[in-house]
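This is what each chain is made of:
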Amino acid sequence: MLDNENPQTDSASLLQFITCGSVDDGKSTLIGRLLFETGQIPEDHLQALTEDSKKFGTTGEEIDYALLIDGLSAEREQGITIDVAYRYFSHSGRKFIVANTPGHEQYTRNMATGASNADLAIIMIDARKGMLPQTKRHSFITSMVGVKSLIVAINKMDLVNFDEAVYLKIKDDFLKNANALDFEDITFIPLSALKGDNIVTPSPRTNWYDGPTLLSHLVDAQIAQKAETHAAFAMPVQWVNRPNLDFRGYAGTITAGHIKSGQKVIALPSRKEATVNSITTSEGTKDEAFCGEAVTITLNEEIDLSRGDVLTVAETECDVADILKTHILWMNAEHLVAGRQYIFQSAAYSAKSTLSKPDYKVDIHNYEQLPCKTLELNEIGSCTLFLDRPLSFQPYKDNRTLGSFILINPITNETVAMGMIDHDMRRAHNIFEENMAIDRAKRSEIKNQKPCVIWMTGLSGAGKSTIANVLEQKLYSKYKHTITLDGDNVRHGLNKDLGFSDTDRAENIRRIAEVSKLMLDAGMIAIVSFISPFRAERDMARDIIGTENFIEAFINTPLQVAEERDVKGLYKKARSGEIPNFTGIGSPYEAPTNPELDLKTVENSAEDLADQIIAYLEENDYL
């Protein structure tokens, strides 16, 4: 009977595998046929399948086994797989979890998600079409996420009259392609998912083939134990369980090794030590727990250990860093913007992060490394990743849980990328912050002011520079120590190497935010006059500078008014196409949603608006 509950079994008898490949290669049909041939479909389900085949099927008078897998209405209507479909079944003493993944390029992220937990992959190839770009992309992603065992199912052999030459040609092409990948075991099987050839029993129509059938190979597949099983103990803390004042437990799933009561452990990144008092699982208190078990651990003393930290042992393979070399699969229609802030999430750990410009992207046709400035949807590349606080991790090849992550757009909350950690950048270990005797507070005290950054944002021609100039004169007359950082002026010096792409705009803001932070440390009031059109970059600046010191002043001028002013003639040039990516014309301006100051220039003069800013500074004890 078809089992839709997750099987409870030991890892030795459980095989998790995926089917992948290009669209219409027969992935859903293969899994449906496999379930049918192994007697996993109840009689009433089979009758319903027969009726559905008449209504939705794409196989003429025959049963369409793909309908067993493709359950979404959109999938049935279009005859394609969209979502990852999981099925559970057993045969000959072995239990299986199969993830059927979509073949369309636009759903590559769904395929990658399914592959990330697989022990084995079945790459489907249509015998009529041979190797396609999506076949190569799925092969690369499968290898990238650590799958070592592969079945290449050359399907639809019935449509090429079971021609051995076709089979051998595809096999040769795939092996040449696989030389650049990291598979340890590749098995080729010619079959017909629709007709059932070489699915469960050997087909008389492939008497030239003496290899295993698909099912027999799945049953006999030897999957090496994951490296995590024999590694030193590690557990990312998911939850600090404190139901009352007398109990503090650290809950999580063991991702490597095993742990015993009485064993010494350390917390990362704090490196505080303690001893295990007790180990509790769903089955009660135990003396020992192993990789893959969900546990709550109590310690003999309270240490600095919270959600996202890692509990491990002295001989751990875990490291701590805030700069990482990574491989990522970009999963969003909006391209990667180097320097833009994304939310980094790995296991229970979360932090703010930025990416460097990619070192390269992978040419999916030949796996060559190509220079690039960004990554588009479904592209794979290598980037340096910067975190705002240290991460306890292991390289992905050693620990899939502690070495994998996703990136989230903080504005839309969309997952934009999945990634794997290759290694840390050692420079992070060799650079230390120096604590200076004269700090920000002392520098501020001698100036008799509270330092802050007044971040003026608005369209070109809104009046930012004019207001900033008037404001600084008024503050100067009050004997206040100020500095104005104007967008055009900074681009003549510090940022003269930057253009106006999304990536360069993000780097422009990052640099000026860091300079503003230095001005804060000097005890200054910094007036920043930058268009800074993107909300994500302004949020990044706020994080760098510190919310308590950041005053966002929206120089609120409608586009029509700014364009009518056009003192520098820039809007006219932008309208004629001379200036691409000009804010408000060729590139969007994202207005602040909740600025500290909303300064309306149509209704007020620059003098009045500067007075409004000074009033705000006085009311909030900056002056």
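Scope of this entry: the structure provided in the associated data block. Within every chain, residues take consecutive numbers counted from 1 along the sequence as written. Totals for whole chains, interfaces and linings use every residue, but because this is a predicted model, local features are given only for residues with pLDDT of at least 70 and side-chain atom pairs only at 80 or more, for both listing and counting. Each side-chain value is derived from all of the structure's non-hydrogen atoms; neither hydrogens nor water enter the calculation.

## Notes on empty space enclosed by the protein
- Here a cavity denotes a set of grid points, spaced 1 Å apart and computed over the protein atoms alone, in which a 1.4 Å probe fits but from which it cannot get out, and a pocket denotes an open set meeting protein on both sides within 12 Å along at least five of seven lines; residues with an atom within 4 Å of a point are reported as lining. Grid points are joined across faces, edges and corners, and a volume is the space filled by probe spheres set on the points. In this structure the tally under the stated criterion is two cavities of 30 Å³ or more.
- Every residue along the wall of the largest cavity is listed here: W330, N332, E334, H335, R340, Y342, N409 and V416.
- For this classification, Asp, Glu, Lys and Arg are treated as charged, while Ala, Val, Leu, Ile, Met, Phe, Trp, Tyr, Cys and Pro are nonpolar and the rest, including Gly, are polar. Grouping the amino acids of the lining of the largest cavity by side-chain chemistry returns three nonpolar, three polar and two charged.
- In this model, the second largest cavity occupies a volume close to 30 Å³.
- In terms of lining residues, the second largest cavity is bounded by P236, G308, V310, S346, A347, A348, Y349, L391, S392 and L402.
- For the lining of the second largest cavity, the residue count by class is seven nonpolar, three polar and no charged.
- Per the annotation, domain bounds derive from an automatic or database assignment of domains. A domain-level breakdown of the lining of the second largest cavity finds at least three residues from each of domain 2 (234-312) and domain 3 (319-424).

## Looking at the pattern of salt bridges
- For salt bridges, the criterion is a side-chain nitrogen of Lys or Arg within 4 Å of an Asp or Glu carboxyl oxygen. In the structure shown here, the tally under the stated rule is 29 salt bridges.
- The shortest N-O distance in the salt bridge between R205 and D197 comes to 2.8 Å.
- Each residue is assigned to one of three classes by its accessible area relative to the maximum for its type, calculated with a 1.4 Å probe on protein chains only: buried under 20%, partly exposed between the two thresholds, exposed over 50%. Of the residues examined, R205 reaches a relative accessible area of 42% and is grouped as partly exposed.
- E537 is the partner of R340 in a salt bridge, and the nearest nitrogen-oxygen pair spans 2.9 Å. Remark: E537 occurs in helix 12 (residues 535-545) and R340 occurs in the loop between strand 17 (319-330) and strand 18 (341-346); sequence separation between them is 197 residues. Note on conventions: DSSP H or I runs of at least 4 residues are helices, E runs of at least 2 residues are strands, and numbering of each starts at the N terminus.

## Focus: the pairing of strand 25 (residues 452-457)
- Where burial is concerned, most of strand 25 is hidden: six out of the six residues are buried.
- Where burial is concerned, the two faces of strand 25 agree: the one with C452, I454 and M456 and the one with V453, W455 and T457 are both buried.
- Pairing of strand 25 with strand 27 (residues 525-529) involves five bridges; the strand directions are parallel. In the sheet register, C452 faces strand 27, and the bridge partner there is I525.
- Two strands pair when backbone bridges link them, and strand 25 and strand 28 (residues 550-556) are joined in this way by five bridges, in the parallel orientation. Residue pairing for strand 28: I454 is matched across the bridge by I551. Only strands joined by at least two bridges in the DSSP assignment are considered to pair.

## Describing the packing of aromatic side chains
- Planes of paired rings set the category: under 30 degrees apart is stacked, over 60 is edge-to-face and the rest tilted, where pairs are Phe, Tyr or Trp rings (Trp by its six-membered ring) whose centres lie within 6.5 Å. Inspection of every chain in the model, using the stated rule, returns 13 aromatic pairs.
- Judged by centre distance (6.2 Å) and plane angle (85°), the ring pair of F17 and F96 falls under edge-to-face. Here F96 lies in strand 3 (residues 94-100) and F17 lies in strand 1 (residues 14-21), a separation of 79 residues in the sequence. In this pair, the class of F17 matches that of F96, namely buried.
- Note on W455 and F530: the rings are 6.4 Å apart at their centroids and 35° apart in plane angle, and the pair reads as tilted. In this pair, W455 sits in strand 25 while F530 sits in the loop between strand 27 and helix 12, placing the two residues 75 residues apart along the sequence. The two residues W455 and F530 agree in class, both being buried.

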